[in-house]
Amino acid sequence: MAQITFEEYDPPSTLVVPENPISNAKFPFIDVHSHQWRMGERDLNKLASEMDGLNMGLMVNLSGGSGKAVVDAIKNIKDNQPQRFIIFANANFNNIDDDWGPRAAAQLERDYNQGARGLKIFKSLGFSVKDKDGNRVAVDDARLDPLWAKCGELGIPVLIHTADPKQFWEPFDANNERWLELKTRPRRKRENDDPAPWTTMIEEQHNVFKKHSNTTFIAAHMGWYANDLNHLAELLDEMPNMMVEIGAVIAELGRQPRFAKAFLEKYQTRVLFGKDAYNPDEYPTYFRVLESEDEYFPYYKRYHAFWRMYGLGLSDEVLKSIYYKNALRIIPGIDASAFPD
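What you see is a predicted model; the values in this text were computed from it and never measured. Along every chain, residues carry numbers that run from 1 in the direction the sequence is written. Restriction of local features to residues with pLDDT of at least 70 applies here, the model being predicted, together with a cutoff of 80 or more for giving and counting side-chain atom pairs; totals for whole chains, interfaces and linings are based on all residues. With hydrogens and water stripped out, all remaining heavy atoms of the structure feed into the side-chain values.

K.L.:
It is not clear to me how helix H5 (residues 145-154) should be interpreted in this structure. Could you clarify?
P.N.:
Within an α-helix, residues lying three or four positions from one another point in the same direction, as the helix has 3.6 residues per turn. Relative accessibility decides the category of a residue: with a 1.4 Å probe and only protein chains considered, values under 20% of the type maximum give buried, values over 50% give exposed, and everything between is partly exposed. Numbering of helices and strands runs from the N terminus; a helix is a DSSP stretch of H or I covering at least four residues, while a strand is a stretch of E covering at least two. Where H5 is concerned, the buried positions are Asp145, Leu147, Trp148, Lys150, Cys151 and Leu154. Against the buried residues of H5 lie helix H3 (100-114), strand E5 (119-121), helix H4 (124-127), strand E6 (158-160), helix H7 (198-211) and strand E7 (217-219). Once H5 finishes, Gly155 follows within two positions and takes phi at roughly 75 degrees, a positive value. In this description, contact between two residues means that some pair of their heavy atoms is separated by no more than 4.5 Å.

Rendered as C-alpha cells:
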C-alpha cells in the first residue's frame, strides 16, 4: 500500500448535496481590510472593474502610508475613482522615545487633513517594534497614548492587528490544529519569549481599548477569537468601543454555522466585512459562508482550514450590517448614497 503524508492527504468529498456557489455579494459591500501598495500609482479603474464583479462598493486600503504616500493616493483616487476607495494612514514606529507620541499624533492629523480616514496598526507593534534603547514596545506602551487619543479626537477608527493565532505559540505536535500551517511555514512558530506570550499581547491590546474608550478600535481577524465566540461576546460587552472584522477567519465561522449565526445576529452592529489579502477568486467563499445554507464545502487554503464549512444563511438585515452599514457608521468620508438604506 502506498504511503502518503498528512500534507498530501486531501481527498475530494463523495458527499452529494446541493451546491449554490455565489460569485458576487447580495448587497454592495465595503471591504475594510485590504492592502494595495503604492496606491498613488495603481490603475484604479482596473481595480474598480474587478470590484464591480464582486459587488464590492468600496475598498478600504489599510496600506496608505503617511505623508506624501497619502497625498499621492488621495490624488489618484479623486482623479479616477473618487467614490470607491478610502485610505487609512500608518504610523512610523522608528526610534520611539518620550516625545514620539505627540509627533506621531501631529503627523496623523496632517494625514487626516490630506484625506486619510483611519489608522492601521500592523502586527509589528508588539512583535518587532523596539524603542530607541532596543526594548520591545508593548501594544499598550504609554508613549503611544497621544496617537490613540488623536484618533478619538478626529473621529477616525483604528484597525489594529495584534499577535497571530494562539496555536502558533502552542507545541508543534499532533495536538496543534495549525500543524500543517506551521509545517509548511515554520517561521510562523512562536514561543513565549519570541517576543512575548500570546495572552500578554492580547491583553495589551485590550488595555488600549479600555484606556481609550472614546476611540473606536477594529480588532483585525475578530481579535483571534473567532474560535471562541462566547469569549468574544464577553469582550464586546465589556468594551463598547471594540469592533471586529472577519478577514482570514471565515473558516472558523463556517465550521460552527448555528452558533456563529446566533453570534452575528446578536452582535450584528459590531462586525465588519474584511478580507485581508486581495485575491478576487477567494471572495466567493466568504459570500457562500455568509449568505447560503450550503453544506460541507471546502475552504480555499487547506493549511488554514483542513475542515469543511457550512453556510450561515444570514438574514438581509444582518448581511447589510456586516457588508456596509457598520462601516458607514464608524468610518467618515464614505458616500452612503452608493449603498441601500
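K.L.:
Before we go on, may I ask you to explain the packing of aromatic side chains in this structure?
P.N.:
Aromatic rings considered in pairs are described by the distance between their centres and by the relative angle of their planes. Centres within 6.5 Å are what make two rings of Phe, Tyr or Trp a pair, Trp counting through its six-membered ring; a difference in plane orientation under 30 degrees is then read as stacked, over 60 as edge-to-face, and the rest as tilted. Per the stated rule, a full pass over the model turns up 23 aromatic pairs. The structure contains a cluster of three or more aromatic residues connected by ring pairs, namely Phe29, Phe273, Tyr278, Tyr283, Tyr286, Phe287 and Tyr323. Criterion for a charge above a ring: Lys NZ or Arg CZ within 6 Å of the ring centre, and within 35 degrees of the ring normal. The cationic tip of Arg185 hangs over the ring face of Tyr303; the distance from NZ or CZ to the ring centre is 3.7 Å. Directly above the aromatic system of Tyr283 lies the positively charged group of Lys275, at a separation of 5.6 Å from the ring centroid.

K.L.:
How should the sheet that holds E5 be read in this particular structure?
P.N.:
In any sheet, the strands associate via hydrogen bonds between backbone groups, in a parallel or an antiparallel arrangement. Strand pairing is assigned whenever DSSP detects at least two bridges linking the two strands. Within the open sheet, the six strands sit side by side as E4-E5-E6-E7-E8-E9. Their pairing is parallel. Among the strands making up the open sheet, the edge pair consists of strand E4 (89-90) and strand E9 (271-272). Pairing geometry for E7 and strand E8 (residues 242-245), over three bridges, is parallel. From the neighbouring strand, Ala219 faces E8, where its bridge partner is Val244.

K.L.:
Explain the pairing of strand E1 (residues 29-34) here, please?
P.N.:
Where a strand is regular, its side chains alternate between the two sheet faces. In terms of burial, E1 is a largely internal element, six of the six residues being buried. Of the strand pairs in this sheet, E1 and strand E2 (residues 56-61) are connected by four bridges, and their pairing is parallel. Within E2, the residue paired with Ile30 across the bridge is Leu58.

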